[in-house]
Amino acid sequence: MTQRHTSRRLALATLASAAAAALLPLPATAQAYPTKPITMIVPFSAGGTTDILARIVGQALSTELGQSVVIDNRAGAGGNIGGQLAARAPADGYTLFMGTVGTHAINEALYKKMPFDPIKDFAPLSRVANVPNLLVAHPAQPFKTVPEMIAYAKANPGKINFGSSGSGSSIHLSGELFKSMAKVDMVHIPYKGSAPAVNDLLGNQIAIMFDNMPSAIQHVRAGKLRPIAVTTAKRSPELPDVPTIAESGVPGYEATSWFGLFAVAGTPAPIVAQLNKALVKVLNNPDVKAKIVAQGGEVVAETPEQFAAFIKAETAKWGKVVKESGASVD
């Protein structure tokens, strides 16, 4: 065989190999992302604040990323059931988790056994919003102010029951902190999410809630629930006539909820960066911001590093609150 023929065969073989290689699937990190729908796990029931914020953000992210974002509600154990499911998902950017102050700063101190590690099992993307909690009561309850509620609780130990979205949630801890600081005896009733607790509150099956404002404000505006006080240091612009608990006879009281979006730990850095960029963009979108503000929330858009540092500080803060309140879950 001549040298010319040999060279030609080698060239053809090289072209064939290149063509075959082009047909092989690219590594996940090299493929365009996203190429299929994304699941956002929400660790509380539909209709609660976590769910409301997830749907606002999920809809905007669908438009921004060009793929649908499917909300998957997995309620129970103060958010731990959904958290465990998300932590075990593939680290490919197709499973996101709407975490809360409960799942990522409170539960580790509250539960004796955690089914996931809030720090090691997740990749922070950004906070979504800070949200005040709102102390609300059924209108049939015999108190309209914090001092009146404290007086009633002291005269009737254990008679006031307060619902929450689950043991370890900020709604629960807001109540435990109030019990400790106001020195009153109230009974905690945990639910699998804020929505079912609010339903029982609307039916006067429970007396009060320290609910996240987004899931309570509509009922306050409709006159179905009585607003007593907000849990933040300052009054809410959405309910300027409602006083703070601190100014109502419990000085120093403050409790704020927050919500943030996470990917699974180990998700490729380029995908984490892309998700953060998309999330920050939608959070700065005027329409998205207006929807969150209308629910009583304060939008927060930040880098993954800023969110991680915030979580570290919150874990220390709420760990102390849990210890001092004596709250625990077996």
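Here the structure is a predicted model, which means the values were calculated and not measured.

*Asks:* When you look at the packing of helix 2 (residues 49-65) against helix 10 (residues 286-294) in this model, what are you seeing that I'm missing?
*Replies:* When two helices pack together, their arrangement is given by the angle between their axes and by how far apart the axes lie. Running from N to C, helix 2 and helix 10 point in directions that differ by 175 degrees, and their axes come no closer than 10 Å. Between helix 2 and helix 10, the angle falls in the class roughly antiparallel. Residues Leu-53, Ile-56, Gln-59 and Ala-60 of helix 2 form the contact with helix 10, whose own contacting residues are Val-288, Lys-291 and Ile-292. Class assignment of the residues belonging to the contact of helix 2 with helix 10 gives a composition of five nonpolar, one polar and one charged.

*Asks:* Help me out: how do you make sense of the packing of aromatic side chains in this one?
*Replies:* Both the distance between ring centres and the angle between the ring planes are used here to describe each pair of aromatic rings. Evaluation of the coordinates by the stated rule reveals eleven aromatic pairs. Where Phe-262 meets Phe-307, the ring centres are 5.0 Å apart and the plane angle is 40 degrees; that geometry is what we call tilted. With Phe-262 in strand 9 (residues 256-264) and Phe-307 in helix 11 (residues 304-325), this residue pair connects regions lying 45 residues apart in the sequence. For Phe-262, a relative accessible area of 0% puts it in the buried group. In this structure Phe-307 comes out as buried when scored by relative accessible area, which is 0%.

*Asks:* I'm lost on the side chain of Ser-169 in this one. Help?
*Replies:* Within the secondary structure layout, Ser-169 lies in the loop between strand 5 (161-164) and helix 6 (170-182). According to the relative accessible area criterion, Ser-169 is buried, its value standing at 3%. Not counting residues within four places of it along the chain, the set of residues in contact with Ser-169 comprises Ile-106 and Ser-164.

*Asks:* Honestly, the nonpolar core in this entry has me stumped. Any pointers?
*Replies:* Generally speaking, a soluble globular protein has its nonpolar side chains buried in company with each other. Ranked by size, the top nonpolar core spans 52 residues in total, and within it Met-40, Leu-61, Leu-134, Leu-261 and Ile-292 carry the most contacts. The element that contributes the greatest number of residues to this core is helix 2, accounting for eight residues. The residues contacting Leu-134, other than those within four sequence positions of it, are Met-209, Phe-210, Asp-211, Met-213, Ala-216, Val-220, Pro-227, Ala-229, Val-230, Thr-231, Leu-239 and Val-242. Counting 46 residues, the second largest nonpolar core, distinct from the first, contains Leu-135, Phe-162, Tyr-253 and Val-321.

*Asks:* What's the story with helix 6 in this structure? I'm lost.
*Replies:* Owing to its 3.6 residues per turn, the α-helix brings residues three or four apart onto one side. For helix 6, built from 13 residues, the straight-helix expectation of 18 Å at 1.5 Å per residue is met to within 8% by its first-to-last C-alpha distance of 18 Å. Of all 13 residues in helix 6, ten are buried; the element is thus mostly enclosed.

*Asks:* Can you help me understand the pairing of strand 4 (residues 122-137) in this one?
*Replies:* In summary, the side chains of a regular strand alternate between the two faces of the sheet. With respect to burial, strand 4 is a largely interior element, 16 of its 16 residues being buried. In the sheet, strand 4 pairs with strand 10 (residues 298-299) via two bridges, with the strands oriented antiparallel. Among the inter-strand pairings, Ala-129 is bridged to a residue of strand 10, identified as Val-299. Bridge count for strand 4 against strand 8 (residues 226-230) is four bridges, and the pairing is antiparallel. By the bridge assignment for strand 8, Val-136 is matched with Pro-227.

*Asks:* How should empty space enclosed by the protein be read in this particular structure?
*Replies:* With a probe scaled to a water molecule rolled over the atoms, the places where space remains empty come into view. Under the counting rule described, the total for this entry stands at one cavity of 30 Å³ or more. Taken as a whole, the largest cavity encloses approximately 100 Å³ of empty space. Lining the largest cavity are 17 residues, and of these Phe-44, Thr-50, Ser-165, Asn-212 and Phe-259 sit closest to its centre. Taken together, the elements giving at least two residues each to the lining of the largest cavity come down to helix 2, helix 4 (101-110), helix 6 and strand 9. With three residues, the single largest contributor to the lining of the largest cavity is helix 2. Here the lining of the largest cavity is built from residues that sort into four nonpolar, twelve polar and one charged.

*Asks:* I would appreciate a short explanation of the pattern of salt bridges in the present structure.
*Replies:* Side-chain pairing between opposite charges can occur once the charged atoms of the two side chains come close. Following the criterion strictly, the structure yields seven salt bridges and no others. In this structure, Glu-64 engages Lys-281 in a salt bridge whose closest nitrogen and oxygen atoms are separated by 3.4 Å. One end of the pair, Glu-64, is in helix 2; the other, Lys-281, is in helix 9 (residues 269-283), with 217 residues separating them in the sequence. Across the pair Lys-179 and Glu-176 runs a salt bridge, and its minimum N-O distance is 3.6 Å. Separated by three residues within a single helix, Lys-179 and Glu-176 lie in helix 6, roughly one turn from each other.

The rules behind the values
Residues numbered from 1 in each chain as written. Predicted model: local features only at pLDDT ≥ 70, side-chain atom pairs only at ≥ 80, totals over all residues. Heavy atoms only, no water. Axes fitted to C-alpha atoms, helices over the stretch in contact; angles between N-to-C directions. Helix = DSSP H or I, 4+ residues; strand = E, 2+ residues; numbered from the N terminus. Parallel < 35°, antiparallel > 145°, perpendicular 65-115°, else oblique. Contact = heavy atoms within 4.5 Å. Nonpolar A, V, L, I, M, F, W, Y, C, P; charged D, E, K, R; others polar. Phe/Tyr/Trp six-rings, centres within 6.5 Å; stacked < 30°, edge-to-face > 60°. Buried < 20%, exposed > 50% of the residue type's maximum accessible area, 1.4 Å probe, protein only. Core = buried A, V, L, I, M, F, W, Y, C linked by side-chain atoms within 4.5 Å. Expected span 1.5 Å × (residues − 1). Pairing = 2+ DSSP bridges. 1 Å grid on protein atoms, 1.4 Å probe; cavity = no way out; pocket = protein on both sides within 12 Å on 5 of 7 lines; lining within 4 Å. Points joined across faces, edges and corners; volume = space filled by probe spheres on them. Salt bridge = Lys/Arg side-chain N within 4 Å of Asp/Glu carboxyl O.

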